[in-house]
Amino acid sequence: MPHVDGVTHREVTAAGTTFHVAEAGEGPPVVLLHGWPQHWYAWRKVIPLLATDHRVVVPDLRGFGWSEVAPGDFGKQALANDIVPLLDALELDRVDLIAHDWGAWIGFMLALDHPERIGHYVALNMYSPWAAPPSAGGLFGGWRLWYQAALASPGLGSFLIRRTDFVKRIITTGAVHPDAWKTEDVESFAAVLREPARAAVSVQLYRTFLLRELVPYLRGGAVGRRLTAPTLLLHGTRDLAIDSSRLGDWERWADDMAVELRDDSGHFIAEELPTVVADRALALFGRAEATDATPR
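Right, let's walk through the structure included here. Model, not experiment: these values are computed from the prediction.

### As for the side chain of Glu23
Then, in step 1: Residue placement: Glu23 occurs in strand E2 (residues 17-24).
Then, in step 2: Only 2.7 Å separates the side chain of Glu23 from the side chain of Arg10, close enough to count as a polar contact.
Then, in step 3: Among the polar contacts made by the side chain of Glu23, one reaches the side chain of Arg55 at a distance of 2.9 Å.

Have a look at this one:
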């Protein structure tokens, strides 16, 4: 288990699964959700910045990090459905939310499905729920799915995760600030995924997306559903996985959503620009003073 000063750890049972939850600080609750190929430690640089005046709650998603690899569906809706029972078990009625990558996809689902539970939402480097209109550029951008197809392939996905440096390369390739990554930090993510059951979860995660979720998303599955929580989508434009020019048609369906594009970050913005992430979140959550109110 990686160490972060001031962070405690416990197990919480919810939705038939035992979740690992990292926590720090006291005050209004803010929940942080990680993406692939990470776990709670993805937020190691952001947690101390929020914990000075917030209760920061950082679970590992089912099958990731130190949460149980419980059998079942690894579709994103199923993973989102885990979170509300987890909030109930933690006695958290309404929270602010920051989420990255697949965690951010899940975060949008939570905000749409359970608007009464989400006060404010900061999404990091993920498409909005409303797909951008079809275009030639969008078809050309399909190359970005190559790694997902590799991960979803029978045999190949597990081999890449367990027997090669694929995970390390996914994390570090395209970083605008290579010094944001320490070797031991990258290894903390790669090592856990080498467990056979957790490697299988990663394969299921991407196979489910490509075979069951991608087409309904592109066909506008979320059209007509309104996002009511004040939301900021903060996106590093040097992202090799998520196309910053096709973040979606949110203007029609979100009551209060802004998008900030950062040319000084790649996909893993919480590691590359942790102060910016924390500052934007605190400003959205309503703290009067902010450490970095001017975009850089």
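### Some remarks on the nonpolar core
Then, in step 1: Formed by 103 residues in total, the largest nonpolar core has its most connected members in Trp36, Trp43 and Ile98.
Then, in step 2: Per-element tally for this core: the top contributor is helix H3 (residues 102-113), with nine residues.
Then, in step 3: Once residues lying within four places of it in the same chain are set aside, the contact partners of Ile98 are Val30, Val31, Leu32, Leu33, Trp43, Leu50, Val122, Leu124, Val277, Ala281 and Phe285.

### Focus: the packing of aromatic side chains
What describes a pair of aromatic rings is the distance from one ring centre to the other and the angle between the planes of the rings.
Then, in step 1: Applying the stated criterion across every chain, the model contains 13 aromatic pairs.
Then, in step 2: Relative to Phe209, the ring of Trp105 has its centre 5.7 Å away and its plane inclined at 85°; by these criteria the two rings are edge-to-face. With Trp105 in helix H3 and Phe209 in helix H9 (residues 196-218), this pair connects stretches of sequence that are 104 residues apart.
Then, in step 3: You can call Trp105 buried: its relative accessible area is 11%.
Then, in step 4: Cation over ring: Arg44 sits above Tyr41, and NZ or CZ is 4.9 Å from the ring centre.

Cut-offs and rules
Residues numbered from 1 in each chain as written. Predicted model: local features only at pLDDT ≥ 70, side-chain atom pairs only at ≥ 80, totals over all residues. Heavy atoms only, no water. Helix = DSSP H or I, 4+ residues; strand = E, 2+ residues; numbered from the N terminus. Polar contact = N/O pair within 3.5 Å; in protein donor to acceptor, adjacent residues only side chain to side chain. Core = buried A, V, L, I, M, F, W, Y, C linked by side-chain atoms within 4.5 Å. Buried < 20%, exposed > 50% of the residue type's maximum accessible area, 1.4 Å probe, protein only. Contact = heavy atoms within 4.5 Å. Phe/Tyr/Trp six-rings, centres within 6.5 Å; stacked < 30°, edge-to-face > 60°. Lys NZ or Arg CZ within 6 Å of the ring centre and 35° of its normal.

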